[in-house]
Amino acid sequence: MATILGVAKMVINRGVQMQALDNGKAVKGIVLPLRLQAYERMALFLERIEPNQLVMRIHNTGLNVAQEQNLLLTSIRSEFEHNLSQQIYISNDVWKHICNAKEDIIDIINAVAGQYEPTADSLEFAQALLAAAAEKPVVDKAMLILKTDVQKLY
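Heads up: these notes are all about the structure in this document. Note that the coordinates shown come from a computational prediction; the quantities given were computed from them, not determined experimentally.

Conventions used here
- Residues numbered from 1 in each chain as written.
- Predicted model: local features only at pLDDT ≥ 70, side-chain atom pairs only at ≥ 80, totals over all residues.
- Heavy atoms only, no water.
- Axes fitted to C-alpha atoms, helices over the stretch in contact; angles between N-to-C directions.
- Helix = DSSP H or I, 4+ residues; strand = E, 2+ residues; numbered from the N terminus.
- Parallel < 35°, antiparallel > 145°, perpendicular 65-115°, else oblique.
- Left-handed = near helix turned anticlockwise from the far one by under 90°.
- Contact = heavy atoms within 4.5 Å.
- Nonpolar A, V, L, I, M, F, W, Y, C, P; charged D, E, K, R; others polar.
- Buried < 20%, exposed > 50% of the residue type's maximum accessible area, 1.4 Å probe, protein only.
- Phe/Tyr/Trp six-rings, centres within 6.5 Å; stacked < 30°, edge-to-face > 60°.
- Lys NZ or Arg CZ within 6 Å of the ring centre and 35° of its normal.
- Patch = residues over 30% accessible without salt bridge, like charges linked within 9 Å, V, L, I, M, F, W, Y side chains within 5 Å.
- Areas by Shrake-Rupley, 256 points an atom, 1.4 Å probe, with all protein chains shown as cover.
- Salt bridge = Lys/Arg side-chain N within 4 Å of Asp/Glu carboxyl O.

Details of the packing of helix 3 (residues 65–83) against helix 5 (residues 122–135)
Packing of helix 3 against helix 5 brings their axes to within 8 Å, and their N-to-C directions diverge by 45°. In terms of orientation, helix 3 and helix 5 fall into the oblique class. Seen along the crossing, helix 3 lies across helix 5 with a hand that is right-handed. For the pair helix 3 and helix 5, the contacting residues are Val65, Glu68, Gln69 and Leu72 in the first and Ser122, Phe125, Ala126 and Leu129 in the second. Counted by class, the contact of helix 3 with helix 5 contains five nonpolar, two polar and one charged residues.

As structure tokens, this is what we get:
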């Protein structure tokens, strides 16, 4: 009788273990695509806030420095807020580097804008911003960390 109970217990335990594995596979099947999508969206976010892309999208003749600075910063913040929920699917380290990249770009924009009169034409400001951003490629660093982290998923 003890042997039958022992065998039954082993069979039940094995069934529970198999079901747990199946549930884990199901969860991974749902979560992995969400995580990959989050990494893709954060890569797109980094590309969109990269100063070259940002200036190409935002710059418009007739703007002054203060107007262009405001549009650049508004665009960055809007992009960030739009993707804020993605942080739950990516690693804390990657999220930290993405936030740091965003803040570094904001700092570069503000520093370059501070060198000009707010009412000055924005063309020279845009050129100086691109030169300053080229000296400090913060997006490249964050993108490399993002790519390295997503490769760990495979």
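So, next bit.
What to know about the environment of valine 138
You can see valine 138 is positioned in helix 6 (residues 138–151). In this structure valine 138 comes out as buried when scored by relative accessible area, which is 13%. Residues valine 138 and alanine 101, spaced 37 residues apart in sequence, show a C-alpha to C-alpha distance of 5.4 Å. The contact partners of valine 138, leaving out residues within four places of it in the chain, are Ala101, Asp104 and Ile105.

Description of the packing of aromatic side chains
The way to describe two aromatic rings as a pair is by their centre distance and the angle between their planes. Using the criterion set out here, one finds three aromatic pairs in the structure. Between phenylalanine 45 and phenylalanine 80, the aromatic rings sit 5.9 Å apart at their centres with planes inclined by 55°, giving tilted as the arrangement. Taken together, the residues span a long stretch of sequence, with phenylalanine 45 in helix 1 (residues 2–49) and phenylalanine 80 in helix 3 at a distance of 35 residues. By relative accessible area, which is 13% here, phenylalanine 80 ends up buried. An aromatic cluster is defined as three or more aromatic residues linked by ring pairs; in this entry it consists of Phe45, Phe80 and Trp95. Over the ring of phenylalanine 80 we find lysine 102; its NZ or CZ atom is 4.4 Å from the centre of that ring.

Overview of the packing of helix 4 (residues 92–113) against helix 6
Between helix 4 and helix 6, the least distance of the axes is 9 Å, while the angle of their chain directions is 165°. Taken together, the axis directions place helix 4 and helix 6 in an arrangement best described as roughly antiparallel. In terms of crossing hand, the pair formed by helix 4 and helix 6 is left-handed. Listed contacts from helix 6 to Asp93, Val94, His97, Ile98, Ala101, Asp104 and Ile105 of helix 4 are Val138, Val139, Lys141, Ala142, Ile145, Leu146 and Asp149. Looking at the contact of helix 4 with helix 6 residue by residue, the class counts come to nine nonpolar, one polar and four charged.

Quick word on a nonpolar patch on the surface
There is a patch of nonpolar side chains on the surface, built from Ile30, Val31 and Leu34 and spanning about 230 Å² of accessible area. Residue position: valine 31 is located in helix 1.

Quick notes on the pattern of salt bridges
In total, this model carries four salt bridges according to the counting rule given. Notably, a salt bridge pairs aspartate 149 with lysine 152, separated by 3.7 Å at the nearest N-O pair. Note on lysine 152: relative accessible area 63%, which makes it exposed.

Shape is all these values report; function is a separate question.
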